[in-house]
Amino acid sequence: MNAAGNAVQFAFATATEIAFGSGARTIVGGRARIAGSRVLVVTGRSVQPSAEVLASLHASGLPLVRWPVDGEPTVAAARAAVEAGRQHRADVVVACGGGSAIDLGKAVAALLANPGDPLDYLEVVGRGQALTERSVPFIAVPTTAGTGAEVTRHAVLSVSEERQKVSLRSPLMLPVLAVVDPELTLALPPALTASTGMDALTQLIEPYVSVKANPLTDAICLEGLPRVARALRRAFADGQDLEARTDMALGSLFGGLALANAALGAVHGFAAPIGGRFPAPHGAVCAALLPSVMRANVHALQARGGDTDRLDRYIRIARLLTEDPQATASDGVAWVERLRDDLKIPSLGAYGVGRVDVDDLVSAATQASSMRGNPIVLDPTELREVLLAAL
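Attention here is on the structure that accompanies the text. The shown structure was predicted, so the numbers you read here are calculated from the model rather than taken from an experiment.

1. Re a nonpolar patch on the surface
Line of reasoning, step 1. Taken together, the side chains of Val8, Phe10, Phe12 and Leu216 define a hydrophobic patch exposed on the protein surface, amounting to about 310 Å² of accessible area.
Line of reasoning, step 2. Looking at the element boundaries, phenylalanine 10 is found in the segment before β1 (18–20).

Pasting the structure below:
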């Protein structure tokens, strides 16, 4: 039974297999050969982070074509990559890179197996049709520690004409294999380490306090939070610290597992419309918003009463982050705020977001699917204050 006296019911789904550890990247070629006969490889714009994975694929003898993604994945990029995959007759997709490469690869794998256009399946701005066929085999290899996209069942695409970032979402999109090798993150520069790491932290906090939290995601979040808390500053200061990189890779993986099986909240509710309207990296947006969203949620829970469990969860987060057994929920907010400042995360104003945009962004955020997972419904005035504090 849960705190409300109801029977505990939940489902949990993830990649068919997760391979974690230093050197795990060397298995990609052999596993792709088992999965198919012709490979489309989606990478970031630079080939360097994925060079060893590409070498493993070449060594397997599989015919392959590389498709680089430059910046955030768009509907247009998905269409072009699907056409390249069809021309190559690809029957397996490997994505090696950050969240953008993995999201694009995941979308392409789904669309190679299902007819039609991405807009047929996208939520919010598309037709929202359900996929009917399982994706062609998809292998995800992250080179950042932030999104957890290697174990989620959705792909985020930007729709330029709508100025929105929305998801193509289905359990049929789960990867057949997620290969998480911390050594692939060693070359990540400090700024990207900071923004992606804050995204990982956000994706451990939001599912833990969400209205869809369950005992399994709780356990995953509670294991991941102290890892990120002790490792993120270290990875930022010294990118070659493999122990810190390993903790961050685990924290990111755990965040992906949690968000895919619980829910997110107001941070990601705002991140979708902001990312669609401004040239702001997703992780940096989350980092800028996280303290003010936490503060607003704590204040609302305290003011309105009723859901003591959600407030207790913020207290538990604070004690894990600060390592102080007497810490309060407000201490946790202050700790996250200091971390954001120590990591030199810019405000949203640095990306062109201004006071004139606040009302429009609040309106758009209330329609975002992530907002439905927030632990308490924040009214427009509260949401406006959240955004103003992050400018």
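We are not done yet, so read on.
2. Some details on helix α14 (residues 380–390)
Line of reasoning, step 1. Residues of α14 that are buried include every one of Glu382, Leu383, Val386, Leu387 and Ala390, and no others. Looking straight down α14, one finds its buried side chains confined to an arc of 135°; they lie on one side. Facing away from the buried side of α14 by more than 90 degrees, the exposed set consists of Pro380, Thr381, Glu385 and Ala389.
Line of reasoning, step 2. On its buried side, α14 packs onto α9 (266–277), α10 (282–304) and α13 (358–365).
Line of reasoning, step 3. One side-chain oxygen at the N-terminal end of α14 lies 3.0 Å from the backbone nitrogen of threonine 381; it belongs to aspartate 379.

3. Describing the packing of helix α6 (residues 190–209) against helix α8 (residues 242–261)
Two quantities define a packed helix pair, namely the angle between the axes and the distance from one axis to the other.
Line of reasoning, step 1. Running from amino to carboxyl end, α6 crosses α8 at an angle of 45°, the nearest separation of the two axes being 8 Å. Classified by the interaxial angle, the pair formed by α6 and α8 is oblique. The handedness of the crossing between α6 and α8 is left-handed. Touching Thr193, Gly197, Ala200, Gln203, Leu204 and Pro207 of α6 are Arg245, Met248, Gly251, Ser252, Phe254, Gly255, Ala258 and Leu259, all from α8.

4. As for the environment of isoleucine 139
Line of reasoning, step 1. By the secondary structure assignment, isoleucine 139 is in strand β5 (residues 138–142).
Line of reasoning, step 2. For isoleucine 139 and isoleucine 18, which are 121 residues apart along the polypeptide, the C-alpha to C-alpha distance reads 10.0 Å.
Line of reasoning, step 3. Excluding its chain neighbours within four sequence positions, the residues that come into contact with isoleucine 139 are Arg31, Ala32, Val93, Val94, Ala95, Val176, Leu177 and Val179.

5. Quick word on the side chain of threonine 202
Line of reasoning, step 1. Within the secondary structure, threonine 202 sits in helix α6.
Line of reasoning, step 2. Residue classification places threonine 202 among the buried positions, given a relative accessible area of 0%.
Line of reasoning, step 3. Leaving out residues up to four positions away in the same chain, threonine 202 has contacts with Pro207, Val267, His268, Cys286 and Leu290.

6. Some thoughts on the pattern of salt bridges
Side chains that carry opposite charge are capable of pairing whenever their charged atoms lie near each other.
Line of reasoning, step 1. Under the definition given, this model contains 24 salt bridges.
Line of reasoning, step 2. Measuring nitrogen to oxygen at the nearest pair gives 2.9 Å for the salt bridge that ties glutamate 183 to arginine 25. With a gap of 158 residues between them, glutamate 183 in the loop between β8 (177–180) and α6 and arginine 25 in the loop between β1 and α1 (28–35) connect regions that are remote in the sequence.
Line of reasoning, step 3. Given the relative accessible area of 28%, glutamate 183 is considered partly exposed.

7. Details of the packing of aromatic side chains
Line of reasoning, step 1. Enumeration over the complete set of coordinates arrives at 0 aromatic pairs.
Line of reasoning, step 2. Sitting above the plane of the tryptophan 335 ring, arginine 233 keeps its charged end 5.4 Å from the centroid.
Line of reasoning, step 3. Above the face of the tyrosine 208 ring, arginine 313 is positioned so that its terminal group lies 4.7 Å from the ring centre.

8. Remarks on the environment of arginine 230
Line of reasoning, step 1. Relative to the assigned elements, arginine 230 resides in helix α7 (residues 215–237).
Line of reasoning, step 2. The exposure class of arginine 230 is partly exposed, given its relative accessible area of 44%.
Line of reasoning, step 3. On a C-alpha basis, the gap between arginine 230 and leucine 321 in space is 8.2 Å, while along the polypeptide they are 91 residues apart.

9. What about the state of the cysteines?
Line of reasoning, step 1. Following the criterion strictly, the structure yields 0 disulfides and no others.
Line of reasoning, step 2. The thiol sulfur of cysteine 221 is not disulfide-bonded, and the nearest other cysteine sulfur, from cysteine 286, lies at 15 Å.
Line of reasoning, step 3. For cysteine 286, a relative accessible area of 0% translates into the label buried.

10. Here's the deal with the sheet that holds strand β3 (residues 64–68)
Line of reasoning, step 1. Overall, parallel pairing links the 6 strands, which are arranged β1-β8-β5-β4-β2-β3 in an open sheet. The open sheet is flanked by β1 and β3, the only strands paired with a single partner. This sheet shows a mean twist of 15° between the axes of neighbouring strands, independent of strand direction.
Line of reasoning, step 2. Bridge analysis of strand β4 (residues 92–97) against β5 gives 5 bridges, and the strand direction is parallel. By the bridge assignment for β5, valine 93 is matched with phenylalanine 138.
Line of reasoning, step 3. Relative to the sheet, α8 contacts β1 and β8, its axis offset from that of β1 by approximately 165°.

Rules used in this analysis
- For every chain, the first residue of the written sequence is number 1, and numbering continues from 1 onward in sequence order.
- Only residues with pLDDT of at least 70 are given local features in this predicted model, and only at 80 or more are side-chain atom pairs given and counted; all residues enter the totals for whole chains, interfaces and linings.
- Hydrogens and water are ignored here; the side-chain numbers use all heavy atoms of the structure.
- Patch rule: a residue counts if its relative accessible area is over 30% and it has no salt bridge; like charges are joined within 9 Å, and nonpolar side chains (Val, Leu, Ile, Met, Phe, Trp, Tyr) within 5 Å.
- The method behind every accessible area is Shrake-Rupley, applied with a 1.4 Å probe, and residues are considered shielded solely by the protein chains displayed.
- One side-chain nitrogen of Lys or Arg within 4 Å of one carboxyl oxygen of Asp or Glu is enough to make a salt bridge.
- Strands are runs of DSSP state E lasting at least two residues, helices are runs of H or I lasting at least four, and both sets are numbered from the N terminus onward.
- For every residue, the accessible area (1.4 Å probe, protein chains only) is compared with the maximum for its type, and the residue is labelled buried under 20%, exposed over 50%, or partly exposed between those bounds.
- An arc is given here, and it is the one of the directions from the helix axis to the C-beta atoms.
- Throughout, a contact is declared for two residues whenever any of their heavy atoms are within 4.5 Å.
- Each polar contact in these results corresponds to two N or O atoms within 3.5 Å; when the atoms are within protein, one needs to be able to donate a hydrogen and the other to accept it, and residues that are neighboring in sequence are counted only if both atoms are side-chain atoms.
- Axes here mean lines fitted to C-alpha atoms, for a helix over just the part in contact, with angles spanning 0 to 180 degrees between N-to-C directions.
- Any angle between 65 and 115 degrees counts as roughly perpendicular, while under 35 counts as roughly parallel, over 145 as roughly antiparallel, and the rest as oblique.
- By definition, turning the near helix anticlockwise from the far helix through less than a right angle yields a left-handed crossing, and turning it clockwise yields a right-handed one.
- Each Phe, Tyr or Trp ring, with Trp reduced to its six-membered ring, pairs with another whose centre is within 6.5 Å; inter-plane angles below 30 degrees give stacked pairs, above 60 give edge-to-face pairs, and intermediate values give tilted ones.
- Here, over-ring charges are defined by two tests on the NZ atom of lysine or the CZ atom of arginine: distance to the ring centre within 6 Å, and angle to the ring normal within 35 degrees.
- Any two cysteine sulfur atoms within 2.5 Å of one another count as a disulfide.
- In this scheme, strands are said to pair when DSSP sees at least two bridges between them.

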